[in-house]
Structures are given as C-alpha cells and as structure tokens.
Amino acid sequence: KGGEIRIDRKTNQSDLLAWVEHIDNIVGGRLDRKGLIQTVSYDRQQYLFNHSRYADIMLGNTADPDSDTAIQVAEEFRKADAPKILVSPSFAMGWDFPGKQCEYIVICKVPFKPGQSKVMKAREGRDKSYGAYLAMQELIQSAGRGMRSFDDRCEVMICDGHLSWFLYANKSLACGWFVNAVRKMNTVPKPTPKL
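Keep in mind the model is a prediction, meaning the values are calculated, not measured.

1. Focus: the packing of helix 4 (residues 118-126) against helix 5 (residues 130-143)
For any two helices packed against each other, one specifies the crossing angle of their axes together with the interaxial distance. For the pair helix 4 and helix 5, interaxial distance at closest approach is 8 Å and the crossing angle is 105°. By the criterion of interaxial angle, the relationship of helix 4 to helix 5 is roughly perpendicular. For the pair formed by helix 4 and helix 5, the contact residues are Met120, Arg123 and Glu124 on the first element and Tyr130, Gly131 and Leu134 on the second. Tallied by class, the residues present in the contact of helix 4 with helix 5 amount to three nonpolar, one polar and two charged.

2. Some thoughts on the sheet that holds strand 3 (residues 84-88)
The strands making up a sheet associate through hydrogen bonds between their backbones, and the pairing can be parallel or antiparallel. The five strands are arranged 2-3-1-4-5 in an open sheet whose pairing can be described as parallel. One side of each edge strand has no neighbouring strand; the edge strands of this open sheet are strand 2 (58-59) and strand 5 (155-158). Sheet strands touched by helix 5: strand 1 (34-38), strand 4 (104-107) and strand 5. Its angle to strand 4, the strand with the most contacts, is close to 155°.

3. Digging into the packing of aromatic side chains
In the structure shown here, the tally under the stated rule is eight aromatic pairs. Judged by centre distance (4.7 Å) and plane angle (70°), the ring pair of Phe91 and Trp95 falls under edge-to-face. Here Phe91 and Trp95 have matching classes, each one buried. Arranged with centres 5.9 Å apart and planes meeting at 70°, the rings of Phe91 and Phe97 form a pair that is edge-to-face. The exposure classification of Phe91 matches that of Phe97, with both residues buried. An aromatic cluster is defined as three or more aromatic residues linked by ring pairs; in this entry it consists of Phe77, Phe91, Trp95 and Phe97. Directly above the aromatic system of Phe77 lies the positively charged group of Lys34, at a separation of 4.9 Å from the ring centroid.

4. Topic: the side chain of Lys109
Note that Lys109 resides in the loop between strand 4 and helix 4. Buried and without a salt bridge, Lys109 has Asp160 as its closest oppositely charged side chain, separated by 5.1 Å.

5. Focus: the side chain of Ser142
Mapped onto the elements of the fold, Ser142 is located in helix 5. According to the relative accessible area criterion, Ser142 is buried, its value standing at 4%. Beyond its immediate sequence surroundings of up to four residues, Ser142 is in contact with Gln38, Ala92, Ile105 and Ile107.

Definitions and limits used
- Residues numbered from 1 in each chain as written.
- Predicted model: local features only at pLDDT ≥ 70, side-chain atom pairs only at ≥ 80, totals over all residues.
- Heavy atoms only, no water.
- Axes fitted to C-alpha atoms, helices over the stretch in contact; angles between N-to-C directions.
- Helix = DSSP H or I, 4+ residues; strand = E, 2+ residues; numbered from the N terminus.
- Parallel < 35°, antiparallel > 145°, perpendicular 65-115°, else oblique.
- Contact = heavy atoms within 4.5 Å.
- Nonpolar A, V, L, I, M, F, W, Y, C, P; charged D, E, K, R; others polar.
- Pairing = 2+ DSSP bridges.
- Phe/Tyr/Trp six-rings, centres within 6.5 Å; stacked < 30°, edge-to-face > 60°.
- Buried < 20%, exposed > 50% of the residue type's maximum accessible area, 1.4 Å probe, protein only.
- Lys NZ or Arg CZ within 6 Å of the ring centre and 35° of its normal.
- Lys, Arg positive; Asp, Glu negative; His and termini not counted.
- Salt bridge = Lys/Arg side-chain N within 4 Å of Asp/Glu carboxyl O.

Written out as structure tokens, the structure reads:
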C-alpha cells in the first residue's frame, strides 16, 4: 500500500504512517546491508526518524544549522558496518556510494520542485515541461548513487504513487534505460543477493 500512496503536501497522517510502514518493510528484508533513503525534504526525513521502527540504525544530516554536514555524515555512513541507513535529502546528486557502501536505495517521493518562485514561474512560462524536466533529472540521479560501475549492483525502489503518471506523462524527458528498467511491484521485492 505504501508505494501506492501519493506523497505531497496533501498526504494525510494515516497515509504517511502506511508509507513509513512500506519503507520499513523494505528495510526489514535488507538488514544485512547498507542503504540510502532519499527523502527529498528534511520534513520527510524527520517524519521517518520519528516513526520508523529502524530509526536506531538511521543517520543523516538535518536542516538544523548545528547538524553535522553532509560530508561528515556521508563519511560516517561509508565507514559504518551494516545495518546502517543514510536518510537525507542531501544525497540525490554528486555523491558516490559504490559496492557495499550502498546496496539499496529508497526514493521516498518524486522530487517535484516548488513552482511558487518568480524565476520558476517564468521558466515554466517559457517551457511547460521545465519543472518536470528538473524532477526527472533528479529522480534519475537519485537512483544512480549506489550503482557506480558495470559490476556494481544496487536495488532502487520508489515509494510514491505519483511515479506512474509522472513517468508516463514525461517519459520523453528520461533516458530510455531508465524508463525500461522501471517495474511496478505490488509487494516489496525480495532483496537481490548480497555483494
């Protein structure tokens, strides 16, 4: 059920708890390895920290100015033994977690960009697909943080009901390999063999 829930500002408490339960079911089958949960926002990160039954093995930087930086937390995660989960919106692009550093990724929601700013409204006024393009690029980048070479492997699960319509409506904005790799699952998949 958690993968069918649309995660946005209108998502109610009951659906958010079902979403956390879905993520916990993914994690529960993968306690022999390390994973990355891409939360897209600090609010979603905090919600997971507060409601997940696996919060004790989660770490992440926060929006708090006194929080450890992304670099410090990434280094702690890289050095940690399994089970450990890096939970943050900070690791969607430009980060490397090869091999056993990250064997699964959970993307909590499609990373839609807020459209309220004058700049964003102007850009979308010139190109209606601009916001979708940005979201698609971040989604693809988020999925690639743990797959860093031809002999690497990393499961990627996207837990947002928005994905079906978003991918269908915007597949021309995605790489062919990404569109072809997406599979809709009605249950949490069994983990791939450990590296």
